[in-house]
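# Summary of structural features
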Amino acid sequence: MRILLIGTGRAAYHLGHALKRSGAAIAGVAGRNREHAATLAADLGTAPFVPGDDLPPSDLRLVAVSDDAIADVAAALPMADTVTAHLSGAKPYALLGAHAHRGVLWPIQSLSPGAPIDLRTVPLVIEGEDERARTLLRTVAGTLSGQVIELPHEQRQLVHVAAAVAGNLPVFLLYEAQELLRKHGLPPELVVPLWNATTAKAAAGAAQALTGPARRGDTETLRMHLDRLTDDGDLRRAYAVLSELILKTWHPEKRGPQDL
Ligand SMILES: NC(=O)c1ccc[n+]([C@@H]2O[C@H](COP(=O)([O-])OP(=O)(O)OC[C@H]3O[C@@H](n4cnc5c(N)ncnc54)[C@H](OP(=O)(O)O)[C@@H]3O)[C@@H](O)[C@H]2O)c1
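These figures come from a predicted structure and were not determined experimentally.

### Examining a nonpolar patch on the surface
- Residues Leu173, Val241, Leu242 and Leu245 make up a contiguous nonpolar surface patch of roughly 320 Å² in combined accessible area.
- Among the elements that take part in the nonpolar patch, helix α10 (residues 233–250) stands out by supplying three residues, more than any other.
- When you line up the elements, leucine 173 lands in helix α5 (residues 153–183).

Structure, rendered in structure tokens:
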């Protein structure tokens, strides 16, 4: 199995390392930036390619570029008798244009700079437009992870929404909480043990893990929290909306904090 990585960012880095560990032959790393392509290719023990180079033959081309660039990058690839897939949870394989055997391989994981992550327990969502693409993506994904699931675009989009709600928004809320502490001269690390314990508990059962004034229906404390946030209108609004959702779920008889 020869895999050509197209793109040199975070997804290419983590997928590339996982593929290498799984024993796949990485045919090369292609990128628009010579230095980025050379660095990742050296890391993965393969050859770098830049626009204008002849690309090596491969069984799978993974288009690991920003969602907005997928269509242009795919359009610039030569037609070839191979499977071509992108890595986006949000976009359809149709974005890959006129290529045959198009598909998607989307890891439901946040891929950030740092040590290569272990994908073995990360769910990988695949989709292929025909049997050749599906079979190949199933095989490749199966060597990387014990959890491979096939989902069409509409369902993948829904999972993408859920992943953003579960994976991105709480992280931003932690950032906001730490900014609030910093702004008032307090150590941002104060909320880290709480975050660690809460994420671990929430993974075992979110409804069970949720605590706090809104969950208890303690509108007096909620009102105090909102009063303390009057200098920060955006965070105050977000706090009010989320608390209202919690009240609606567990204390439908209480008024939402916007009305407090
Ligand atoms: N990061 C994640 O958490 C994550 C998780 C799952 C799936 N994905 C998917 O993985 C794909 C890549 O995302 P990423 O996180 O790796 O992004 P990234 O770290 O920002 O890297 C983007 C890559 O795309 C290249 N690129 C951007 N615009 C380009 C253009 N117009 N022409 C050619 N190359 C271009 C960049 O090249 P330069 O280096 O030259 O800028 C870079 O190699 C996306 O489809 C994303 O949805 C990401």
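### Comments concerning the pattern of salt bridges
- Going through the model one piece at a time under the given rule, you end up with 11 salt bridges.
- A salt bridge links aspartate 81 to arginine 132; its shortest N-O distance comes to 2.7 Å. Linking aspartate 81 in the loop between α3 (70–76) and β5 (83–86) with arginine 132 in helix α4 (residues 131–144), this pair joins segments that are 51 residues apart in sequence.
- In this structure, glutamate 129 and arginine 102 form a salt bridge, with 3.0 Å as the shortest nitrogen-oxygen distance.

### Notes on the domain arrangement of the protein chain
- Entries for the protein chain in the domain assignment read domain 1 (2–151) and domain 2 (156–259).
- Tallying the contact residues gives 11 residues for domain 1 and five residues for domain 2.
- For the interface between domain 1 and domain 2, the tally reads one salt bridge.
- In this structure, the salt-bridge partner of arginine 156 is glutamate 127, at a minimum N-O distance of 2.4 Å.
- Run the count over domain 1 and domain 2 and you get three residue pairs in polar contact (both at pLDDT 80 or more).
- Here the side of domain 1 that touches domain 2 is composed, by residue class, of seven nonpolar, two polar and two charged.

### What to know about the layout of surface pockets
- For the largest pocket, the calculated volume is near 2,100 Å³.
- Taken together, 44 residues line the largest pocket, and the ones lying closest to its centre are Pro170, Leu173, Leu210, Leu242 and Ile246.
- With 11 residues, α5 is the single largest residue contributor to the lining of the largest pocket.
- Split into classes, the residues belonging to the lining of the largest pocket amount to 32 nonpolar, seven polar and five charged.

### A look at the site of the ligand
- With respect to spatial proximity, 22 residues lie near the ligand, and among them Thr8, Ala11, His36, Asp67 and Leu111 are the closest.
- Alanine 11 is positioned such that a nitrogen or oxygen atom in its backbone is 2.7 Å from an oxygen atom of the ligand.
- Residue aspartate 67 places a side-chain N or O atom 2.5 Å away from an oxygen atom belonging to the ligand.
- Compared with its free state, where it exposes 900 Å², the ligand has 75% of that area covered by protein.
- At a threshold of 2 Å from the grid points, most atoms of the ligand map onto the second largest pocket.
- Looking at the shell around the ligand, the elements with two or more residues in it are α1 (10–22), α3 and β6 (102–107).
- Here the residues of the shell around the ligand are counted per class, giving 10 nonpolar, nine polar and three charged.

### Brief notes about the pairing of β5
- Neither face of β5 is open: one carries Val83 and Ala85, the other Thr84 and His86, and all of them are buried.
- Relative to β6, β5 runs parallel, the two sharing three bridges. Each bridged residue has a counterpart across the sheet, and for threonine 84 the counterpart in β6 is arginine 102.

### Things to note about the pairing of strand β4 (residues 60–63)
- Of the two faces of β4, the one holding Leu60 and Leu62 and the one holding Arg61 and Val63 are both buried throughout.
- Bridging between β4 and β5 involves four bridges; their strand directions are parallel. Counted as the bridge partner of leucine 60 is valine 83 from β5.
- One crossover worth recording links β4 to the parallel β5 by way of α3, and it is right-handed.

How each quantity is defined
Residues numbered from 1 in each chain as written. Predicted model: local features only at pLDDT ≥ 70, side-chain atom pairs only at ≥ 80, totals over all residues. Heavy atoms only, no water. Patch = residues over 30% accessible without salt bridge, like charges linked within 9 Å, V, L, I, M, F, W, Y side chains within 5 Å. Areas by Shrake-Rupley, 256 points an atom, 1.4 Å probe, with all protein chains shown as cover. Salt bridge = Lys/Arg side-chain N within 4 Å of Asp/Glu carboxyl O. Helix = DSSP H or I, 4+ residues; strand = E, 2+ residues; numbered from the N terminus. Domains from an automatic or database assignment. Contact = heavy atoms within 4.5 Å. Polar contact = N/O pair within 3.5 Å; in protein donor to acceptor, adjacent residues only side chain to side chain. Nonpolar A, V, L, I, M, F, W, Y, C, P; charged D, E, K, R; others polar. 1 Å grid on protein atoms, 1.4 Å probe; cavity = no way out; pocket = protein on both sides within 12 Å on 5 of 7 lines; lining within 4 Å. Points joined across faces, edges and corners; volume = space filled by probe spheres on them. Near = heavy atom within 4 Å. Sits in = over half its atoms within 2 Å of the grid points. Buried < 20%, exposed > 50% of the residue type's maximum accessible area, 1.4 Å probe, protein only. Pairing = 2+ DSSP bridges. Right-handed = clockwise from strand over helix to strand, strands pointing away.

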